[in-house]
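Commentary on secondary and tertiary structure
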Amino acid sequence: MTRTTRLVIAMAGLSMALDAAAANTFNGSSNLLTLDAVTFNGATYTNVTATINAYALLGVGSGSAGATSFDPATGMLTLGSVTYAGTTYTNVTVRIDAYVLLGATPPGSGGTDPTCGLSNFQSALLARINAERAAGATCGSSFNGPAPALQWNTALTNAASVHTQDMVNNNFFSHTGSDGSNAGQRITRQGYQWSTWAENIAAGQPSVNAVMDAWMNSAGHCENIMNPYVQDVGVACIAGPAGGYSPYWTMNLASH
């Protein structure tokens, strides 16, 4: 395969969406870049997500994959390997002209756990959510429900995890992400084509029941959980830094 052909194929991959099996991926429709690991200022960060607002593909190398690194002084990003349409390309270089960092696990942190280490995280949340929906609930001064059971959705969970990590990394508590995004935009970035969505956030609750109690005792959060028009749900919980809010929670609810 010639270098020119590789460049054309790689350009197509970066302007569309890279293969889901790749460790490093870029979604051209949402400008969302995900890096398994990247060296930055001499330290290696993992689980990096960023919105890339302006970039230029410079080339595709050959041979064994090198390290993935980013030089903020020049905006040069080197991707050790990228898989697109079943083919792996190595040593791709891109100049990043504008970006917003959404999340990253710093070195020595031991990784990010979107379940806060809680056992039976998904099943416990689904059981509590669907029990509330089946029984109906008073949200503020109005009774809501009963409502159909929800299904757990990976895309919604991923969107919740990205926003939760963003709040942890950037020490804020808001529905608006550090890049100005709302939950609908974050859900779309994960490939979920929604017709309606809602988002609940919380901080400081140590367990599934504690966070559900807090949400059910808040009229707006309760109404989101009891919304009969949503079909899917995803939740993430990530521990925050010592001395601050911990843990952070995000729940996304939506339907196609």
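Residues numbered from 1 in each chain as written. Predicted model: local features only at pLDDT ≥ 70, side-chain atom pairs only at ≥ 80, totals over all residues. Heavy atoms only, no water.

**Side note on the confidence of the model for the chain**
Heads up, the condition is: Each residue carries a pLDDT value, the predictor's own confidence for that position, ranging from 0 to 100. Secondary structure elements are defined from DSSP: runs of H or I of at least 4 residues count as helices, runs of E of at least 2 residues count as strands, and each element is numbered from the N terminus. Here a residue-residue contact requires only that any non-hydrogen atoms of the pair lie within 4.5 Å.
With 83% of its residues at a pLDDT of 70 or more, the chain has an overall mean of 82. Mean pLDDT per element in the chain: helix H1 (residues 3-15) is the minimum at 35, and helix H6 (residues 219-226) is the maximum at 98. Low confidence marks residues 1-22, where pLDDT is under 50. Its contacts with residues over four positions away, or in another chain, come to 49 contacts.

**Things to note about the packing of helix H2 (residues 121-135) against helix H5 (residues 208-216)**
Basically, it comes down to this: Simply put, an axis is a line fit to the C-alpha atoms, just over the touching stretch for a helix, and the angle between two N-to-C directions goes from 0 to 180 degrees. Convention used here: angles under 35 degrees read as roughly parallel, angles over 145 as roughly antiparallel, angles from 65 to 115 as roughly perpendicular, and any remaining angle as oblique. The handedness criterion is simple: a crossing whose near helix is rotated anticlockwise from the far helix by less than a right angle is left-handed, and one whose near helix is rotated clockwise is right-handed. Ten residues, namely Ala, Val, Leu, Ile, Met, Phe, Trp, Tyr, Cys and Pro, are considered nonpolar, four, namely Asp, Glu, Lys and Arg, are considered charged, and the remaining ones, Gly among them, are considered polar.
Put simply, H2 and H5 touch, their axes get as near as 10 Å, and they point 30° apart. Viewed along their axes, H2 and H5 adopt a mutual orientation that is roughly parallel. When you trace H2 past H5, the crossing you get is right-handed. For the pair H2 and H5, contact is made by Phe 121, Ala 124, Leu 125, Arg 128, Ile 129 and Glu 132 and by Val 208, Asn 209, Met 212, Asp 213 and Met 216, respectively. Taken together, the residues of the contact of H2 with H5 sort by class into seven nonpolar, one polar and three charged.

**Thoughts on H2**
Cut-off, in case you're wondering: Helix span, expected: 1.5 Å multiplied by one less than the number of residues in the helix.
Helix length check: H2, at 15 residues, gives a terminal C-alpha distance of 21 Å against a target of 21 Å (1.5 Å per residue), a fit within 8%. Summarising the contacts, the buried residues of H2 are in contact with strand S7 (137-139), strand S9 (151-152), H5, H6, strand S11 (232-238) and strand S12 (248-255). Residue Gly 136 follows H2 closely and has a positive phi angle near 85°.

**Thoughts on the pairing of strand S2 (residues 32-40)**
Formally: In short, DSSP must find at least two bridges between two strands for them to pair.
Two elements, strand S1 (residues 25-27) and S2, share three bridges in a ladder whose sense is antiparallel. Counterpart to Phe 26 in the pairing with S2 is Leu 33. Here S1 folds back onto S2, and the loop between the two strands holds four residues, one of which, Asn 31, carries a positive phi near 60°. Sheet topology places S2 next to strand S4 (residues 69-71); two bridges connect them, and they run parallel. Its bridge partner being in S4, Thr 39 is matched across the sheet by Ser 69.

**Section: the packing of H5 against H6**
Between H5 and H6, whose axes approach to 6 Å, the crossing angle comes to 105°. When the interaxial angle is binned, H5 and H6 end up roughly perpendicular. In this structure, H5 contributes Met 212, Trp 215 and Met 216 to the contact, and H6 contributes His 221, Cys 222, Ile 225 and Met 226. Among the residues forming the contact of H5 with H6, the class breakdown is six nonpolar, one polar and no charged.

**Description of the nonpolar core**
Definition in use: In these notes, a set of buried Ala, Val, Leu, Ile, Met, Phe, Trp, Tyr and Cys residues joined through side-chain atoms within 4.5 Å is what counts as a nonpolar core. Exposure categories follow from relative accessible area, calculated using a 1.4 Å probe and restricted to protein chains: below 20% of the type maximum is buried, above 50% is exposed, and the middle band is partly exposed.
Met 212, Val 233, Trp 249 and Met 251 are the most contacted members of the largest nonpolar core, which has 25 residues in total. Considering each element in turn, this core owes the most residues, five residues, to H5. Residues in contact with Val 233, not counting those within four places in the same chain, are Leu 126, Ile 129, Leu 150, Gln 151, Trp 152, Asn 153, Leu 156, Thr 157, Met 251, Asn 252 and Leu 253. Counting residues in each nonpolar core, the second largest holds 17 residues, with Phe 26, Leu 77, Val 82 and Val 92 among its members.

**Side note on the sheet that holds S12**
What the four strands build is an open sheet, ordered S9-S11-S12-S10; its pairing is mixed. In this open sheet, the two edge strands, each paired with only one partner strand, are S9 and strand S10 (196-203). Note: S9 against S11, two bridges, orientation parallel. Of the residues in S11, the one forming a bridge with Trp 152 is Val 233. H2 rests against S9, S11 and S12 of the sheet, and its axis sits at about 130° to S11. The strands that H5 touches are S10 and S12; relative to S12, the one it contacts most, it runs at about 65°.

**Brief notes about the side chain of Asp 232**
Quick reminder of the rule: His is not counted, nor are the chain ends, whereas Lys and Arg count as positive and Asp and Glu as negative. A pairing counts as a salt bridge when a side-chain nitrogen of Lys or Arg comes within 4 Å of a carboxyl oxygen of Asp or Glu.
Residue position: Asp 232 is located in strand S11. Buried within the structure, Asp 232 lacks any salt-bridge partner; Arg 133 is the closest side chain of opposite charge, at an N-O distance of 9.8 Å. Not counting residues up to four positions away in its chain, the partners in contact with Asp 232 are Leu 150, Gln 151, Asn 153, Leu 156, Tyr 192, Asn 252, Leu 253, Ala 254 and His 256.

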